[in-house]
Amino acid sequence: MPFADRQRSQLNWVVRKMLSYFAAPRLNMREDYEKVRRRQRQLAVLPHPSYHALDVEIMSADGDHPIPVRVFHPRERQRDEVLLFFHGGGWVTGDIESYTPACATMADLTGCVVASVDYRLAPEHPFPAGLEDCLRVAQLFLADPTRAGAEPDDEVILIGDSAGGNLTAAVSLALRERGEPGAKRQIMLYPVTHWDHDPSTSPFASVRNHGDDYRLTNTEVQDYFDLYVPDRAERAQPLVAPLMAGDLSGQPDTLIITAELDLLCDEGEAYGSALEAAGNVVRVHRVSGALHGFIALPRFSRSLREAYEHINAFLDGREEHAASATAAETT
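So, here's what we can say about the structure.

Rules used in this analysis
All chains use their own residue numbering, which begins from 1 and follows the written sequence. Selection of residues for local features in this predicted model requires a pLDDT of at least 70, selection of side-chain atom pairs for listing and counting requires 80 or more, and totals for whole chains, interfaces and linings are taken over all residues. Note that the side-chain values use all heavy atoms of the structure and ignore hydrogens as well as water. Each pair of aromatic rings taken from Phe, Tyr and Trp, with Trp reduced to its six-membered ring, is defined by centres within 6.5 Å and is described as stacked if the planes are under 30 degrees apart, edge-to-face if over 60, and tilted in the remaining cases. Helix and strand definitions follow DSSP, with helices as H or I runs of at least four residues and strands as E runs of at least two, each counted in order from the N terminus. Three labels apply to residues, based on accessible area from a 1.4 Å probe with only protein chains included: buried if under 20% of the type maximum, exposed if over 50%, partly exposed otherwise in between. To estimate how far a helix should extend, the number of its residues minus one is multiplied by 1.5 Å. Here, nonpolar core means buried Ala, Val, Leu, Ile, Met, Phe, Trp, Tyr and Cys residues that are tied together by side-chain atoms lying within 4.5 Å of each other.

**What to know about the packing of aromatic side chains**
- Summed over all chains, the structure comprises five aromatic pairs.
- The interplanar angle of 70° and the centroid separation of 5.0 Å between the aromatic rings of Trp-91 and Phe-225 together place this pair among those described as edge-to-face. Taken together, the residues Trp-91 in the loop between strand 3 (82–86) and helix 3 (100–110) and Phe-225 in helix 7 (residues 218–228) connect sequence positions 134 residues apart. A single burial state applies to Trp-91 and to Phe-225, both of which are buried.
- On the numbers, 5.1 Å between centres and 70° between planes, the contact of Tyr-190 with Phe-294 is edge-to-face.

So, in structure tokens, the structure goes:
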């Protein structure tokens, strides 16, 4: 797999100090998750470009609860694909309200219809509740894209960021395990793919190098896992930690985009390597100098624009050209 430049840029201490000011507040997520949810919703109502959206509800498989889905239509539809989006937030925060600006941007910058899933959150609904909701919506949308206002033959592509990237991988694995038709393609942005984020035991250097100073911290990720999967014995199973899967064959063509200064960088790229080793078509691109969560940045952000260049290339089947162009820019 022709990964783009895999050497981390050597940031001097002045740049590191500046970036540290963008680090996440040192919250006790196990106690403060409700405050974070409220703050996210407050930020989401700030002025942003207008968008056209339609809210629909999908009934859960057991008929116990509805699963809200917000469908965003781009200002100019340029592609037939539907992007079925699973949001981030550590399976604990985030929802279709707080991710509305990001999804409206996604629709406009890709020219695709975007369907955002408001899956149940921990700790009120721990694993596998959120995954079950995402799986249910994926099953129905893959079988009938018209639920998103698309044409019957339009392709549904799974996409998610952070914990949503984890859910993207888990949905694809679950569909294969059940022998059900899966997506042809999937996109993961800085996904969670492993269960261990303790810097003293993690197999990944990015956990040790970027878990204290930047946007997402080791402590925060471990708090999220405590809320999402309280039973530590369950965390190494593939539907929680996809990198632990013994069999990764039969997965969709995959684009993984990582952020250089993100503690999840190495595990996202390791998942790409594991998918490729299992015979899947995979592209991985690392956004240099980027922090975790850049998908929510303003449209003029360099990190955001670079990510969408590769997403659009992947959607158009131009991913090799995009990777070559980026490599040339860095030389």
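**Looking at helix 5 (residues 163–177)**
- Taking 1.5 Å per residue as the helical rise, helix 5 with its 15 residues ought to reach 21 Å, and the 21 Å between its terminal C-alpha atoms agrees with that figure.
- With respect to burial, helix 5 is a largely interior element, 13 of its 15 residues being buried.
- Phi turns positive, to about 70°, at Gly-179, one or two residues after helix 5.

**Considerations on the nonpolar core**
- Core analysis: the largest hydrophobic core is formed by 59 residues, its most contacted members being Leu-84, Phe-141, Val-171 and Tyr-271.
- The biggest single contributor to this core is helix 5, with eight residues.
- Counting residues in hydrophobic clusters, the runner-up holds 29 residues, among them Ala-102, Cys-112, Ile-157 and Leu-304.

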